Amino acid sequence: MEKRKKPKYKIGDTVVITMYGTVGKVTDIKWLDDRYVYEVNKSDGLFVESGLQLLSEYEGTVMEQEQIDIEYKFFFGDLVQVSGYGADLFKIVGFRTEIWRYKEDAWEDVIYELSRVSDGEWLEAGEEELTLVADAESADTFIQKLGLLYLINKQQKPDKTPKLPSTIRKAEYEEIERKKEKKELIDNLLDIFNDYRILYELFHDQEYHHVMRVILRKLESLVNNDGKSHV
């Protein structure tokens with residue numbers, strides 16, 4: 001049996017792919033069709049020995065390849081708030097990186113695509129405009145817990161007003177119902193606030209503290225939205 005020859009290159013060698021003039025490291029070696037083929041930089045393609053050359057022996061022009069490492073702060077399904085949109089909650093539904101290169105300047109922008117939880121409105125925002133409220137794993141539970149935050153914006157008036165005693169005018173009845181609904185909403189938000197206050201005191205997790213601030217802003221809005229304080 002004929003002894004197989006040794007490969008010309010070994011894993012870890014820095015080589016030039018002569019066809020492109022690009023540089024990489026050998027990351028795997030395979031025996032295929034009675035010859036060695038090489039994987040470079042863990043790519044899908046394989047290169048024969050004649051297509052490679054050690055960088056130290058290469059005399060041609062090397063094409064520089066830029067290595068860009070992007071660290072994403074948010075991911076699919078994360079629940080965030082957006083600067084300028086108050087207490088509205090958005091889910092991350094996509095993101096992309098825009099790479100800008102000029103003669104004397106260079107930068108990368110990460111753009112996130114968002115869907116507003118309350119109505120599905122689509123929005124794009126930069127990373128610096130976003131604040132994480134809950135990660136993807138806990139987002140749905142968070143939304144259920146804080147669903148009452150949106151009730152004030154989704155109140156539906158009853159189709160029919162019940163018959164009223166002659167001593168109570170329609171406007172007075174509607175005002176009484178409005179105050180009743182607002183009081184119930186405030187009470188529910190206070191219950192949620194107290195739940196998260198206990199969690200924060202137990203675990204000192206800043207996420208719980210952030211939720212408390214969101215609820216306080218909503219409570220302040222409810223109390224002051226008509227210029228009067230309802231206790």
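The structure contained in this document is the topic of the report that follows. Just so you know, these numbers come straight off a predicted model, no measurement behind them. (Residues numbered from 1 in each chain as written. Predicted model: local features only at pLDDT ≥ 70, side-chain atom pairs only at ≥ 80, totals over all residues. Heavy atoms only, no water.)

What holds strands together in a sheet is hydrogen bonding between their backbones, with the strands either parallel or antiparallel. The strand order E4-E3-E2-E1-E5 describes an open sheet built from five strands, whose pairing is antiparallel. One side of each edge strand has no neighbouring strand; the edge strands of this open sheet are strand E4 (46–48) and strand E5 (52–54). Adjacent strand axes in the sheet meet at a mean angle of 55° when their direction is disregarded. By the bridge criterion, four bridges tie strand E1 (residues 14–17) to strand E2 (residues 22–32) in an arrangement that is antiparallel. (Pairing = 2+ DSSP bridges. Helix = DSSP H or I, 4+ residues; strand = E, 2+ residues; numbered from the N terminus. Axes fitted to C-alpha atoms, helices over the stretch in contact; angles between N-to-C directions.)

Let us look at the side chain of Glu39. Of note, Glu39 is situated in strand E3 (residues 35–40). For the buried Glu39, which has no salt bridge, the nearest side chain bearing the opposite charge is Lys42, at an N-O separation of 5.1 Å. Polar contacts involving the side chain of Glu39 include one to the side chain of Thr27, which spans 2.6 Å. (Buried < 20%, exposed > 50% of the residue type's maximum accessible area, 1.4 Å probe, protein only. Lys, Arg positive; Asp, Glu negative; His and termini not counted. Salt bridge = Lys/Arg side-chain N within 4 Å of Asp/Glu carboxyl O. Polar contact = N/O pair within 3.5 Å; in protein donor to acceptor, adjacent residues only side chain to side chain.)

What follows deals with helix H3 (residues 206–224). Under the 1.5 Å per step criterion, the end-to-end length of H3 is 27 Å for 19 residues, consistent within 8% with the ideal 27 Å. Among all positions of H3, only His210, Val211, Met212, Val214, Ile215, Lys218, Leu219 and Leu222 are buried. (Expected span 1.5 Å × (residues − 1).)

Turning our eyes to something else, we now look at the pairing of E1. Within a regular strand, side chains alternate between the sheet's two faces. The turn linking E1 back onto E2 is made up of four residues, and Gly21 within it adopts a positive phi angle of 75°. Relative to E5, E1 is paired through three bridges, and the arrangement is antiparallel. Residue Val16 lies in a different strand from E5, and its bridge partner there is Gln53.

Time to look at the environment of Glu113. You can see Glu113 is positioned in strand E8 (residues 105–116). Since its relative accessible area comes to 23%, Glu113 is described here as partly exposed. Residues Glu113 and Ala125, spaced twelve residues apart in sequence, show a C-alpha to C-alpha distance of 6.7 Å. Side-chain polar atoms of Glu113 contact the side chain of Arg96, separated by 3.4 Å.

Applying the stated criterion across every chain, the model contains seven aromatic pairs. Ring geometry for Trp31 versus Tyr36: centroids 4.7 Å apart, planes at 70°, classification edge-to-face. Judged by relative accessible area, Trp31 falls into the partly exposed class, the value being 32%. Taking the relative accessible area as the measure of exposure, Tyr36 reaches 11% and is therefore buried. Ring centres 5.5 Å apart and planes at 85° place the aromatic pair Tyr85 and Phe90 in the edge-to-face group. The exposure class of Phe90 is buried, given its relative accessible area of 1%. Members of the aromatic cluster, joined through ring pairs, are Phe74, Phe75, Phe76, Phe95 and Tyr112. (Phe/Tyr/Trp six-rings, centres within 6.5 Å; stacked < 30°, edge-to-face > 60°.)

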